[in-house]
Amino acid sequence: MDLFSRSWTALRTAVAELPDEDFARPSGCTGWLVRDLVCHLVIDAQDVLITLATPAESAPTRDAVTYWEVSGTPPGGDDPLDALTVRLAAAYGEPWLLKFHLDDVGAAAGRAAGLADPEARVGTRDEVLTVDAYLTAYVLEWTLHHLDLIAHLPAASGPPPEGLARSRRLLESIAGAAFPASLPDEDALLVGTGRRTPTAAETAELGGLAARLPLVLG
């Protein structure tokens with residue numbers, strides 16, 4: 001839960017520090033500008049609040065690894081929900097409004113996570129997880145989207161190293177195989193989820209795992 005807080009705080013801080021002009025730049029998400037990604041983060045924060053306020057009595061059906069639905073097809077940017085996010089982001093008009101909303105809802109999500117019992121069970125997407133497993137899964141969510149945020153913003157601050165390391169381990173568990181030690185955590189996440197095409201040398205080092213990439217998480 002501490003790592004959830006650190007990852008989420010780092011991401012929100014990075015957004016708060018962006019100059020207005022960066023909101024119109026591309027993000028690492030296909031078809032989305034930075035403003036669209038930030039709007040998605042607002043929705044993510046709302047999902048965290050909703051889930052933490054949805055207790056469940058039955059046994060967990062998923063954990064931090066099996067929480068994810070995995071496919072091999074990267075998003076094309078034409079999904080109806082993705083398109084809705086783009087329209088909603090444009091409706092904010094001014095970047096400061098998006099910053100304000102993310103800070104407001106995001107801080108509430110962070111507080112709720114800090115107050116939650118790690119062993120409690122919550123329901124989301126018709127599945128049951130412990131709070132600890134749910135928030136651990138979101139470390140990967142925050143870290144990947146932090147990388148998306150800074151993909152074309154070299155001056156922006158990146159995710160914390162411990163979040164990158166934990167996210168790499170989660171992705172390796174999802175893949176059922178380890179990435180080469182020569183791949184830094186950030187590159188393992190980018191290549192593993194299809195955010196960057198591996199070089200020829202990286203493909204050779206990945207071996208049989210290369211044929212199973214990308215791991216598109218939803």
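Higher on the page you've got the structure.
All values reported here derive from a predicted model rather than from experimental measurement.

Caption draft 1: Structural detail: the packing of helix 2 (residues 34-52) against helix 4 (residues 95-115). Viewed as axis vectors pointing N to C, helix 2 and helix 4 meet at an angle of 30°, and their least axial separation amounts to 9 Å. Accordingly, the angle class assigned to the pair helix 2 and helix 4 is roughly parallel. Crossing angle aside, the handedness with which helix 2 passes helix 4 is left-handed. On the side of helix 2, the interface is formed by R35, V38, C39, L41, V42, A45, Q46, V48, L49 and L52, while helix 4 contributes L98, H101, L102, V105, G106, A108, A109, A112 and A113.

Caption draft 2: Layout of the packing of aromatic side chains. Tallying each qualifying case throughout the model produces six aromatic pairs. With a centroid separation of 3.8 Å and 15° between ring planes, the pair formed by W8 and W142 is classed as stacked. Within this pair, whereas W8 is found in helix 1 (residues 2-16), its partner W142 is found in helix 5 (residues 131-150), the two being separated by 134 residues in sequence. W8 gets classed as buried once you look at its relative accessible area, which sits at 1%. Accessibility expressed as a relative area gives 0% for W142, which makes it buried. Between Y134 and Y138 the ring centres are 5.1 Å apart and the planes differ by 55°, which places this aromatic pair in the tilted class. With Y134 and Y138 both in helix 5, this residue pair falls four residues apart, about one helical turn.

Quick notes on the rules
- Residue numbers here run from 1 along each chain, matching the order of that chain's written sequence.
- Where totals are concerned, whole chains, interfaces and linings use all residues; where local detail is concerned, this predicted model gives features only for residues with pLDDT of at least 70, and gives and counts side-chain atom pairs only at 80 or more.
- Note that the side-chain values use all heavy atoms of the structure and ignore hydrogens as well as water.
- Every axis in this analysis is a line fitted to C-alpha atoms, fitted for helices over the stretch in contact. Angles between the N-to-C directions lie between 0 and 180 degrees.
- The way it works is that DSSP assigns letters per residue, a run of H or I at least four long becomes a helix, a run of E at least two long becomes a strand, and they are numbered from the N terminus.
- If an angle is under 35 degrees, it is roughly parallel; if it is over 145, roughly antiparallel; if it lies from 65 to 115, roughly perpendicular; otherwise it is oblique.
- By definition, turning the near helix anticlockwise from the far helix through less than a right angle yields a left-handed crossing, and turning it clockwise yields a right-handed one.
- For this analysis, residues touch if any pair of their heavy atoms sits within 4.5 Å.
- Working definition: a ring pair exists when centres of Phe, Tyr or Trp rings (six-membered ring for Trp) sit within 6.5 Å. Plane angles under 30 degrees give stacked, over 60 give edge-to-face, the rest tilted.
- When a residue's accessible area, from a 1.4 Å probe over protein chains only, is under 20% of the maximum for its type it is buried; when over 50% it is exposed; and in between it is partly exposed.

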